[in-house]
Amino acid sequence: MNELLAGLLEAGRLIVTFDADLIEISLRSLQVTLTAVAVASAIGLPLGCWLAVRRFRFRRFVIATMNALMGLPPVVVGLIVYLLLSRAGPFGVFGLLFTPTAMITAQVIILTPLIASIAHQAIRELWAQYHDLLISMNTTRWQRIATLLWDGRRALLTASLAGFGRGIGEVGAIMIVGGNIDNATRVLTTAISLETGKGNFSLALALGFVLIGLAVVVNLLIHTLSRTEVSGRW
Amino acid sequence: MVTSILPLSVKDAVVRRRGKTLLGPVTTTVSDTGLSIVMGPNGAGKTTLLRLLHGMERVSGGGSLKWQIPEEDARALQAFVFQAPIMMRRTALDNVAYPLMTHGVSKKEARVRAAEWLERVGLADSAQKQATVLSGGERQKLALARALIRKPEILFLDEPCANLDGRATREFETLLMQAFKDGTRVVMSTHDIGQARRLAEDVWFIHHGHILEQTPAEEFFASPTTSEARAFLKGDIVE
């Protein structure tokens, strides 16, 4: 109990004093995850939509695979990305291992199936509703996808936010490909892991509270900016 | 109009779904003017017939639908109003502007024209409301404006007044008659005999997926030739 309290106090102290290290790793956490969410959304949202609209032979199989990949173990993704980016690997020449870019890459792989699956689910319902109308109006396939993405944007926001939630708290993959290097690839989750290992529980807890606070603030901010949950609006 | 898409000739068209024949074979001609009312009991195939003519049902077997111009071009000159109006998650104004926007009209121009149409159907005050909060009657009027905004040559309506009360039905019928007077070919299904009497120029009576009668309204209501139609008009239950 004492440790929890000490952690809270420590968190308060770090925030109030604008601790330079805290701000740096928090910003890096945000930078990595927000970039990964943006890239994964750019791939996953249209993909989910396309899968809802298009009928093709292996559609069921693709959707089932995508749903299964939602549970992709981050450590394994980290390992694979590590091997691909390491000096001996196929992309070794770019020297990306242990950089934020590597961390973003790993997170994009983890987040895309999740975002695509949730988007697919939401768009499928909207498509069932719009189907006859859009067919009747003689729209092209791309117009249908664009319409569904736009009219389903509130539901798609949820998909992206779910991706953010998974990304910001993720530690396995970014630890492996980022390496938790101070001033270079250290983020909140890897720092918590490190401080816990060192027995620095109050600092680890403080970082943990900051992480939770950050997730809440980002979600609230996005909801406010996009005016969801306001009556009479979609 | 020089390049009218009508008349439409339908030959031996059959609609099957999962091995079950829903409609046909149907052989008929949709003339280039008029207001036709499709009547028949529930499950007779009214909706399927309208969807078939509109190109939303695949023709099974060897049947065919033949417009006066190629089918792809003809599709753009038709519109459909559904029994339960489909409201897009947009403002009323953008719902009406949508068909224009997807067919090459600029957003600004589309909204100006949509506003005129909302005015015409009496929904000007609701322009900025989300379409999903409109009442049943307002929705159906919105759907009518959305269907008419691209000036279709032929308009199909599938029991548009089935869920409306008397006043909303009257308003809807007034708007529909205006569109008809402006030169739109109308094909509408209903099982409200009173509505059929008010509107019809000719009646298509269908039963078990077949068109049993296709006669001018006066003739149909005065002396239907088939026993099914007679029973239907008398108010008997036709099975």
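The rules behind each value
Residues numbered from 1 in each chain as written. Chains lettered and ligands numbered in written order. Predicted model: local features only at pLDDT ≥ 70, side-chain atom pairs only at ≥ 80, totals over all residues. Helix = DSSP H or I, 4+ residues; strand = E, 2+ residues; numbered from the N terminus. Rg over C-alpha atoms; globule rule 2.2 N^0.38 Å. Buried ≥ 20, exposed ≤ 12 C-beta atoms within 10 Å, placed from the backbone. Contact = placed C-beta atoms within 7 Å. Domains from an automatic or database assignment. Nonpolar A, V, L, I, M, F, W, Y, C, P; charged D, E, K, R; others polar. Expected span 1.5 Å × (residues − 1). Pairing = 2+ DSSP bridges. Axes fitted to C-alpha atoms, helices over the stretch in contact; angles between N-to-C directions. Core = buried A, V, L, I, M, F, W, Y, C linked by C-beta atoms within 7 Å.

**Regarding the overall build of chain B**
- Along its length, chain B carries nine helices and nine strands.
- For 239 residues, the compact-globule estimate of 2.2 N^0.38 gives 18 Å, and chain B sits close to it at 18 Å.
- C-alpha atoms of chain B, sized along the principal axes, occupy 55 × 40 × 35 Å.
- The buried share of chain B, taken over its 239 residues, is 42%.
- Considering only contacts in chain B between residues 6 or more positions apart, those separated by 24 or more positions represent 67%.

**Some thoughts on the overall build of chain A**
- Along chain A, the regular secondary structure elements total 10 helices and zero strands.
- Reading chain A from its N end, one meets helices and strands in the order α-α-α-α-α-α-α-α-α-α.
- Taken along its principal axes, the extent of the C-alpha atoms in chain A is 65 × 50 × 30 Å.
- Per-residue burial over chain A gives 39% buried out of 234 residues.

**What about the domain arrangement of chain B?**
Residue and element names in this part refer to chain B.
- Under the domain assignment, chain B is made up of domain 1 (8-87 + 136-141 + 154-234) and domain 2 (89-133).
- For domain 1 versus domain 2, the separation of C-alpha centres amounts to 27 Å.
- Taken together, the contact pairs four residues of domain 1 with seven residues of domain 2.
- Broken down by class, the residue content of the side of domain 1 that touches domain 2 amounts to two nonpolar, no polar and two charged.

**Structural notes on helix H7 (residues 153-168) of chain A**
Residues and elements named next belong to chain A.
- In this model, H7 (16 residues) spans 22 Å end to end at C-alpha, consistent with the 22 Å of a helix rising 1.5 Å per residue.
- Inspection of H7 places Leu156, Ala159, Ser160, Gly163, Phe164, Arg166, Gly167 and Ile168 among the buried residues, and these make up the whole buried set.
- Contacts from the buried residues of H7 go to helix H2 (20-53), helix H5 (100-136), helix H6 (141-151) and helix H10 (201-226).

**Comments concerning the sheet that holds strand S8 (residues 202-207) of chain B**
Residues and elements named next belong to chain B.
- One open sheet accounts for six strands, arranged S5-S6-S7-S3-S8-S9; its pairing is mixed. The open sheet has two edge strands, strand S5 (78-81) and strand S9 (210-216), and neither has a second partner. Going from strand to strand, the sheet's axes swing by 15° on average, the running direction of each strand aside.
- Pairing of S8 with S9 involves six bridges; the strand directions are antiparallel. Within S9, the residue paired with valine 203 across the bridge is threonine 215.
- Lying on the sheet, helix H5 (residues 136-148) is in contact with S5 and strand S6 (154-158); it crosses S5 at an angle near 170°.

**Remarks on the nonpolar core**
- Core analysis: the biggest nonpolar cluster contains 126 residues, and A:Ala119, A:Val177 and B:Val96 have the highest contact counts within it.
- It is H5(A) that provides the largest number of residues to this core, a total of 18 residues.
- A domain-level breakdown of this core finds at least three residues from each of domain 1 (8-87 + 136-141 + 154-234) and domain 2 (89-133) of chain B.
- Contacts of B:Val96, omitting those with residues within four sequence positions, involve B:Ala114, B:Trp117, B:Leu118, B:Leu142, B:Ala145, B:Arg146 and B:Ile149.

**Focus: the interface of chain B and chain A**
- Residue-level contacts link 14 residues of chain B with 13 residues of chain A.
- Each residue belonging to the side of chain B that touches chain A can be placed in one class, and the counts come to eight nonpolar, three polar and three charged.

**Points about the sheet that holds strand S2 (residues 20-30) of chain B**
Residue and element names in this part refer to chain B.
- The three strands are arranged S2-S1-S4 in an open sheet whose pairing can be described as antiparallel. Strands at the two margins of the open sheet, each flanked by one partner only, are S2 and strand S4 (64-66). Shown here is a sheet whose adjacent strand axes are inclined to one another by a mean of 20°, direction ignored.
- With seven bridges joining them, strand S1 (residues 8-17) and S2 adopt antiparallel strand pairing. Bridge pairing links leucine 8 to valine 30 in S2.
- With respect to the sheet, helix H1 (residues 46-54) is in contact with S1 and S2, its orientation differing from that of S2 by roughly 60°.

**Notes on unusual backbone geometry**
- Backbone torsion omega between B:Leu6 and B:Pro7 reads 0°, so that peptide bond is classified as cis.
- Structurally, B:Pro7 is set in the segment before S1.
- Backbone geometry places A:Phe98, a non-glycine residue, at a positive phi of 65°.
- With respect to the helices, strands and loops of the structure, A:Phe98 is situated in the loop between helix H4 (74-85) and H5.
- The backbone phi angle of B:Arg18 is positive, close to 50°, even though this residue is not glycine.

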